[in-house]
Amino acid sequence: MERIALVTGSTNNIGKAIAEVLSREGYHVIITSRNESEAKLVSEGLPEKGSYFRCDFSQTGAIEHLFEFIKKTFGRLDVLVNNVAYTKNESILDCDLSNWEYTLNINLRSYFLCTKFAAEIMKEKGGGSIVNITVSSARGTKDKFSYMVAKGGVNYLTMCAAIDLAPFNIRVNAVGSGLVGTPVGYREYVGRPYQNDRIPLGHIGNPEDVAEAVAFIVSDKAKYIVGAILSVDGGLNISM
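Residues numbered from 1 in each chain as written. Predicted model: local features only at pLDDT ≥ 70, side-chain atom pairs only at ≥ 80, totals over all residues. Heavy atoms only, no water.

Quick notes on the pattern of salt bridges
Counted by the stated rule, this structure contains 4 salt bridges. A salt bridge links K71 to E124, with the shortest nitrogen-to-oxygen separation between them at 3.6 Å. Here the residue K71 occupies a position in helix α3 (residues 60-73), and E124 occupies one in helix α4 (residues 97-124), the gap between them amounting to 53 residues. Look at K71 and you get partly exposed, because its relative accessible area is 44%. (Salt bridge = Lys/Arg side-chain N within 4 Å of Asp/Glu carboxyl O. Helix = DSSP H or I, 4+ residues; strand = E, 2+ residues; numbered from the N terminus. Buried < 20%, exposed > 50% of the residue type's maximum accessible area, 1.4 Å probe, protein only.)

This is how it looks when you write it as C-alpha cells:
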C-alpha cells in the first residue's frame, strides 16, 4: 500500500531535504509552496514519484483546500511534517501587529490546522505520524521576537497534541533544528559560515541532518517515541 507524506514548505533548505529523504524511504511525498512552479519542479525531481499543491499557509481556506485534495486524491495520510516557516528580524519594540499576526499564522496557526486536519484523516485509517519542525533553543533570542514566540507555541502544541492523539495511534513529535543550512527566508548561505566555534561539533548542520532525524522519528524504529522534541544542533543548545 502506498504511503503518503505531506511536507509543508518543501521547496528549499530543510523542507526540500525532508521531502527527498522521505521519498527515498518509499513515501509518495506531497510538495507544497506558495509558488506552484517551484513545487512542481521539486516534485518532479524527487527520487520517487510525488505530487505538488500550491498553498499559502497564512490562509485558513488554502489549508482546508490542501487537505480536501489529499482526502479526495489519496484517501489517506501517513505522515505530516509541519515545516513551513517565516521570520522577520525584529524586537518586541519593532514588531507591529501586522507582522505579529502573519508570523504566528505561518509558524503556529498553520501547524495547528495541519495537525488537526491530518489527525482527522489518520484517525480513520488507524494512525500515523506527525512531526513539527521547531528550534532547538530553549532560550530567548535577540531580534527574533514573533518567530521565537511562535516556536515556543509549536513545542507545547507538540506535547499537547501528542497526549490527545496517542490513543488513536497517531504519534506527534518535534525535531528542533539548530543552525542548519540557510537562515529562514534565504536560499544562499547568507551570513552563516559553515565553521562555527560556538557549536561543540565546530560547524553548522546540513538540511539532511534534520531530514534523517525526521525519517527516523516517523519510522517504526521510533514507534514508542511520543511527544519528544529531538534536538539536531551539534550540541549548541546544551553548551550555551
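Structural notes on the packing of aromatic side chains
What the rule picks out here adds up to 5 aromatic pairs. Here a set of aromatic residues connected by ring pairs shows up, and it is made of F53, F69 and F74. Seen from the ring of Y27, R3 lies directly overhead, with NZ or CZ sitting 4.0 Å from the centre. (Phe/Tyr/Trp six-rings, centres within 6.5 Å; stacked < 30°, edge-to-face > 60°. Lys NZ or Arg CZ within 6 Å of the ring centre and 35° of its normal.)

Concerning helix α1 (residues 13-24)
Taking 1.5 Å of rise per residue, 12 residues should cover 16 Å, and α1 covers 17 Å from first to last C-alpha, within 8% of that figure. Buried within α1 we find I14, G15, A17, I18, A19, V21, L22 and S23. For α1, the elements touching its buried residues are β1 (3-7), β2 (27-33), β4 (79-82), β5 (128-135), β6 (170-177) and α6 (207-218). In the stretch just after α1, G26 is the one whose phi turns positive, near 105 degrees. (Expected span 1.5 Å × (residues − 1). Contact = heavy atoms within 4.5 Å.)

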